[in-house]
Amino acid sequence: GNEGVRCVAKYLTSSGHPMATELHISRNARLTGEGIKWLLGCLAMHPAYPIWSSETDRYVPLWIRAESQKLKGDAGYQALLSACTSVGCSVCLGESNGDIKCG
């Protein structure tokens, strides 16, 4: 649940270097929008994220897969929107949006 995500966030921000490029926290029935908000807030304030790639001269996203019943559909979208508004981050939902595509 949310407490587990806090432990993951603590691990991801325990170094000055990015600890992961992908995070899969799906099938977590107790994970809520507040847990996602906590995770994104910790990452947004950490200097290692977003990850800079000197090979491509651009930022590389941290791919987070967070599927659960509480984060499905509009509820999940609203949780991400609220989190991003609060902490000043951007999120790609893995969908095409006109000419803009994730990744």
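Residues numbered from 1 in each chain as written. Predicted model: local features only at pLDDT ≥ 70, side-chain atom pairs only at ≥ 80, totals over all residues. Heavy atoms only, no water.

1. Some thoughts on the packing of aromatic side chains
Here is the rule: When the centres of two rings from Phe, Tyr and Trp lie within 6.5 Å, Trp using its six-membered ring, the rings pair. Their planes under 30 degrees apart give stacked, over 60 give edge-to-face, and anything left gives tilted. Only protein chains enter the area calculation, which uses a 1.4 Å probe; residues under 20% of their type maximum are buried, those over 50% are exposed, and those in between are partly exposed.
Enumeration according to the criterion identifies 1 aromatic pair in this entry. For the ring pair W52 and Y59, a centre distance of 4.9 Å and an interplane angle of 75 degrees mean the geometry is edge-to-face. Overall, the relative accessible area of 47% leaves W52 in the partly exposed class. Here Y59 falls in the exposed class, since its relative accessible area comes to 51%.

2. Details of the side chain of S53
Defined as follows: A run of H or I in DSSP counts as a helix once it spans at least four residues, and a run of E counts as a strand once it spans at least two, with each numbered from the N terminus. It only takes one pair of heavy atoms within 4.5 Å for two residues to be counted as in contact.
By secondary structure assignment, the location of S53 is in strand β2 (residues 51-53). Judged by its relative accessible area of 15%, S53 is buried. Each residue touching S53, except ones within four places of it in the same chain, is listed here: R58 and V60.

3. A closer look at the packing of helix α1 (residues 2-12) against helix α2 (residues 33-45)
Worth spelling out the cut-off: Note on method: axes are straight lines fitted to C-alpha atoms, helices fitted across the in-contact stretch only, with angles between N-to-C directions ranging 0 to 180 degrees. By the definition adopted for this analysis, an angle is roughly parallel if under 35 degrees, roughly antiparallel if over 145, roughly perpendicular if from 65 to 115, and oblique otherwise. Throughout, the ten residues Ala, Val, Leu, Ile, Met, Phe, Trp, Tyr, Cys and Pro are labelled nonpolar, Asp, Glu, Lys and Arg are labelled charged, and all others, Gly among them, are labelled polar.
The contact between α1 and α2 brings their axes to 9 Å, and the two run at 10 degrees. As far as their axial angle goes, α2 and α1 are roughly parallel. Note on element contacts: α2 touches α1 through E34, G35, W38, L39, C42 and L43, opposite N2, V5, R6, A9 and L12. For the contact of α1 with α2, the residue count by class is 7 nonpolar, 2 polar and 2 charged.

4. As for the side chain of S26
As a reminder, the rule being used: Between N or O atoms, a polar contact is any pair within 3.5 Å; within protein, one atom must be a potential hydrogen donor and the other a potential acceptor, and residues adjacent in sequence are included only when both atoms are from side chains.
As for its placement among the helices and strands, S26 is situated in the loop between β1 (22-24) and α2. Assessed through its relative accessible area of 15%, S26 is described here as buried. For S26, the side chain forms a polar contact with the side chain of H24, separated by 3.2 Å. With near-sequence residues (within four places) excluded, S26 lies in contact with R65, A66 and E67.

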